[in-house]
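Single-letter residue listing:
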Amino acid sequence: MATVVTTAPSPGRGLPGWVKSPKFARILFPFVVLGIWYFIYYTLDSRIFPAPQTVAVFMWEEITLTSGVRYSSAAENIYVQFGITLMRLTIGFFIALILGTIIGLAVGISKKVDAFFHDWVMGVLAMPALVYALFLGLALGFGNLGPILAVVIAGTPFVIINIREGVRNTPKELIDMARSFEVPQNKITRHVLLPSLMPFFFAAIRYAYAVGWKGLVITEVFASDRGMGWTIKFWYDAHRAHGVIGYAIFFIIFALALEKLVFDPLADRAFKWRPKMDAVQMAEGDFGGVQREGFLLIEDQEIEEGVDTTVAKGGNF
Amino acid sequence: MAEIKVEGLSKEFGVGEDRVVALENVNLDVGGHVFVSIVGPSGCGKSTLLNILSGIETPSSGKVTITQDNHDAEPGYVFQAARLLPWRSVMDNLLFVQKDRSDETKARCQKYLEMVQLGDKVDKYPGELSGGMQQRVGIARAFSIEPDVLFMDEPFSHLDAITARSLRRELHEMWSQTKKTVLFVTHDVGEAVELSNRILVFAKGGKLEDDLQIDLPFPRDPAEDAVAVAKAQVLRKFEELDLIAS
Ligand SMILES: Nc1ncnc2c1ncn2[C@@H]1O[C@H](COP(=O)(O)OP(=O)(O)O)[C@@H](O)[C@H]1O
Ligand SMILES: [Mg+2]
C-alpha cells in the first residue's frame, strides 16, 4: 500500500507582502544602523561617541556653511574641499582607465607582455594604500600630483586585470561563426569583440573608481593639505568624532549617488540585451546565460583554460 | 549547381605528444541538390571537416574546393549551439552576416525568419528566446545569405525530441524549396536516414569508411517500415565497421 503524504504550503504568517519585499529590507537597513547607534550612544560614554543628531546637525552646518568653522587650509569649506578631491579623482581615474586598458589589452594578447607585467601588477594590487600614500607625500610634497598618482596606482591594476580577462574571454566560437560567413574583420571587431569586452570594461570602471577613491582619501590624509581626506583628518586632530563620522557619511552618500546616477544608468544602456546583473558577474564573463551556453555546448572544441577571475573581484577591498 | 571536391585531405592538430590526427586522406565529391549526412563517433573529425570546408580551419595537406557554376561558392553554417550575438536583436543577427543592409536584404531576412516561424520575434534579443527558437534563428541566418552550400553541425542535438522533430521537418521543407547542397553532421543514425539521400560514415582517426545511398522518397516518416529497415541496415554497417563500441 502506498501512502501519499502532501503538506499544504503554510500560508504566509501574518506579515503583509510589502514587509517581506527586498525594497523594504533595503529601507530598513539605515533604521537598524540608527537603532544600534543609539544603543551604543546610551551605553557608552557620550563624550566619546556622538549622538546621531549631533552628527546630523554637524552635516547640516557643513552643507549650509553655517558652522563658523574655517578650515586651516586654502580650501575653506566642504564644497571647495570636495571639488578638489573630485578633480583629483576624475583625472586619476581617467589616466588609470586609459593606461590600464592599453596595458590590459597588451597583456591579454601577448603572453610575453603578461609575463613582464604580471608580478608587478599583483604586487601593486596587494600593496596597502598607506604605503604609497606615505611615499607620495615624501616624494612629491602636498600638491595635486601625489593624490592623483595615488588614484592611478590604486586603479590601474584593476583595469589591467579586468581588461585582460576580457581579452582572454573573447568569444572564439562567435568569431569563427563570423569568419565562416565571411564577415569582414572591422565588422567583427565592432560587433563581436568590442561588445564582448564591454562587461569587463564596466567592471574595470567600477573597481577602478572604488579603489581609486579609497587610495585618494588615504593619500589626502597623509600627503595633502586640502581635500576630503585632509578634512576628515582635521576633525580627527580636533578630537571631534561627530566630524569624522559626518564625513564618513558624506562619503557613503557620494558613493551611492555616483552608483545610482552614473554607473547604473550607463550599465543599463549598455546591457539592455540581458537580464540585470552585478559587476562581479560581469567580471566573470557571465553573459546572461546566452554566451556561457555557447562555451559549454561546443564540447568538442578546445575551451580556453580556466581564468583566474578571483583576482578581478578580490583584491584589497 | 554547387560542387564540393575534397582531395587527399588530412588535418592534424598539435605536435609531438599532443599530436592528434583529425582527418586522414579524405576524398569526397558532393554536388547538386543533395542532402548528405556525415555520421560517426565523437572525435572522428566531423566538425573539423566542416570547419575546413567553411574556411574556419586550414588543411594540413590536401585540397578542398567548393564551386558554384565555376566560381567560389558561398557557404552557410548552422552550428551545434546557435552562436548568436547576444547583444544584437534577432534581425540584427541576420543582418550581421549580410553584405549590405538594403531594404531588399532586410526583406529577405524577414522572409527566412518567417519560414522558421519567428517573424514576430525580430526585435527580441537571443537571451529572450528559448533554445529551440535560438537554433531556428541560426538556421534562418544560414539560409538568409542564400548560400550555395549549407553546412550543419549537429544542429538539433541539444534540443528536446519534439522541437528537434519539428525543426527537422522545417529544414527538409526549406531544403526542398531552395534546392541547396546540404552537408549535415549528426551522430543520430535515425536522423541521418530520415533526412538524407547519402550518408558518409567516418571512423576514429578521421577516415571516411563508407558512402551509403538512401533511395527512399521524401518526406520520410521514421515509423514507416522502409525507413526503419534502412536505419537497421545502416546500424548493421556500423557494427561491421566496429563503430558502435567506440
Ligand atoms: N582546435 C583544435 N585543437 C586541437 N585539437 C582539435 C581541435 N579541434 C578538434 N581537435 C581534435 O580533433 C579530433 C576531431 O575533432 P572533431 O572534428 O571536433 O570531432 P567530431 O566533430 O567528429 O566529434 C578530436 O580528437 C579533437 O580533440
Ligand atoms: Mg563535432
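Keep in mind that what you see is a predicted model, and the values were worked out from it rather than measured.

Definitions and limits used
- Residues numbered from 1 in each chain as written.
- Chains lettered and ligands numbered in written order.
- Predicted model: local features only at pLDDT ≥ 70, side-chain atom pairs only at ≥ 80, totals over all residues.
- Heavy atoms only, no water.
- Helix = DSSP H or I, 4+ residues; strand = E, 2+ residues; numbered from the N terminus.
- Rg over C-alpha atoms; globule rule 2.2 N^0.38 Å.
- Buried < 20%, exposed > 50% of the residue type's maximum accessible area, 1.4 Å probe, protein only.
- Contact = heavy atoms within 4.5 Å.
- Areas by Shrake-Rupley, 256 points an atom, 1.4 Å probe, with all protein chains shown as cover.
- Lys, Arg positive; Asp, Glu negative; His and termini not counted.
- Charge placed at Lys NZ, Arg CZ, Asp CG, Glu CD.
- Expected span 1.5 Å × (residues − 1).
- 1 Å grid on protein atoms, 1.4 Å probe; cavity = no way out; pocket = protein on both sides within 12 Å on 5 of 7 lines; lining within 4 Å.
- Points joined across faces, edges and corners; volume = space filled by probe spheres on them.
- Nonpolar A, V, L, I, M, F, W, Y, C, P; charged D, E, K, R; others polar.
- Buried area = accessible area lost by both parts, 1.4 Å probe.
- Salt bridge = Lys/Arg side-chain N within 4 Å of Asp/Glu carboxyl O.
- Polar contact = N/O pair within 3.5 Å; in protein donor to acceptor, adjacent residues only side chain to side chain.
- Patch = residues over 30% accessible without salt bridge, like charges linked within 9 Å, V, L, I, M, F, W, Y side chains within 5 Å.
- Domains from an automatic or database assignment.

Caption draft 1: A look at the overall build of chain B. Along chain B, the regular secondary structure elements total seven helices and 10 strands. Over its C-alpha atoms chain B spans a radius of gyration of 18 Å, differing by no more than 12% from the 18 Å that the globule rule assigns to 246 residues. In terms of overall dimensions, chain B has a C-alpha envelope of 50 × 45 × 35 Å along the principal axes. Each of the 246 residues in chain B was classed as buried or not, and the buried ones make up 54%. Within chain B, contacts between residues separated by at least 24 positions form 69% of all contacts whose residues are at least 6 apart in sequence. Accessible surface for chain B amounts to roughly 10700 Å². Of this, 46% is attributable to carbon and sulfur atoms. The averaged location of the 39 negative side-chain charges in chain B is 2 Å from the averaged location of its 28 positive side-chain charges.

Caption draft 2: The arrangement of helix α4 (residues 131–144) of chain B in detail. Residues and elements named next belong to chain B. Here α4 contains 14 residues, and its C-alpha end-to-end distance of 20 Å stays within 8% of the 20 Å for a straight helix at 1.5 Å per residue. Burial analysis of α4 places 12 of its 14 residues in the buried class, the great majority of the element. Here α4 has its buried residues at Gly 132, Gln 134, Gln 135, Arg 136, Val 137, Gly 138, Ile 139, Ala 140, Arg 141, Ala 142, Phe 143 and Ser 144. One or two steps after α4, the chain reaches Glu 146, where phi turns positive at roughly 45°.

Caption draft 3: Region of interest: the layout of surface pockets. Residues and elements named next belong to chain A. Each pocket or cavity is described by its volume, and for the second largest pocket that value is around 340 Å³. Lining the second largest pocket are Phe 29, Pro 30, Val 33, Leu 34, Trp 37, Ile 249, Ile 252, Ile 253 and Leu 256. For the lining of the second largest pocket, the secondary-structure elements that each account for two or more residues are α2 (22–43) and α11 (241–270). Here the element with the most residues in the lining of the second largest pocket is α2; it accounts for five residues. When the residues that make up the lining of the second largest pocket are grouped by side-chain class, the tally is nine nonpolar, no polar and no charged.

Caption draft 4: Main features of the interface of chain B and chain A. Counting from both sides, the interface comprises 29 residues of chain B and, opposite them, 28 residues of chain A. Interface area for chain B against chain A, summed over the two sides, is near 2600 Å², with a carbon-plus-sulfur share of 63%. When the area that chain B buries against chain A is broken down by residue, the three leading residues are Arg 83, Trp 87 and Phe 96 of chain B, summing to 31%. Put simply, chain B and chain A have zero salt bridges between them. The interface formed by chain B and chain A holds five residue pairs in polar contact (both at pLDDT 80 or more) in total. Its residues assigned to classes, the side of chain B that touches chain A comprises 16 nonpolar, nine polar and four charged.

Caption draft 5: Inspection of a nonpolar patch on the surface at higher detail. Where nonpolar side chains cluster on the molecular surface, the patch consists of Ile 27, Leu 28, Phe 31, Val 32, Leu 34 and Ile 36 of chain A and spans about 540 Å² of accessible area. Among the secondary structure elements, Ile 27 of chain A is positioned in helix α2.

Caption draft 6: Geometry of the domain arrangement of chain B. Residue and element names in this part refer to chain B. When its domains are assigned, chain B resolves into domain 1 (2–74 + 148–240) and domain 2 (86–146). Relative to domain 2, the C-alpha centre of domain 1 lies at a distance of 25 Å. Between domain 1 and domain 2, the contact holds 15 residues from the first and 14 residues from the second. Counting each side, the surface lost to burial between domain 1 and domain 2 is near 1300 Å², with a carbon and sulfur contribution of 70%. Interface area lost by domain 1 to domain 2 is led by Glu 74, Glu 170 and Met 174, which between them contribute 40%. Joining domain 1 to domain 2, the criterion identifies one salt bridge. Our enumeration of links across domain 1 and domain 2 arrives at two residue pairs in polar contact (both at pLDDT 80 or more). Mapped onto the side of domain 1 that touches domain 2, the elements with two or more residues apiece are β7 (149–153) and α5 (161–178). Across the side of domain 1 that touches domain 2, the residue classes tally to eight nonpolar, three polar and four charged.

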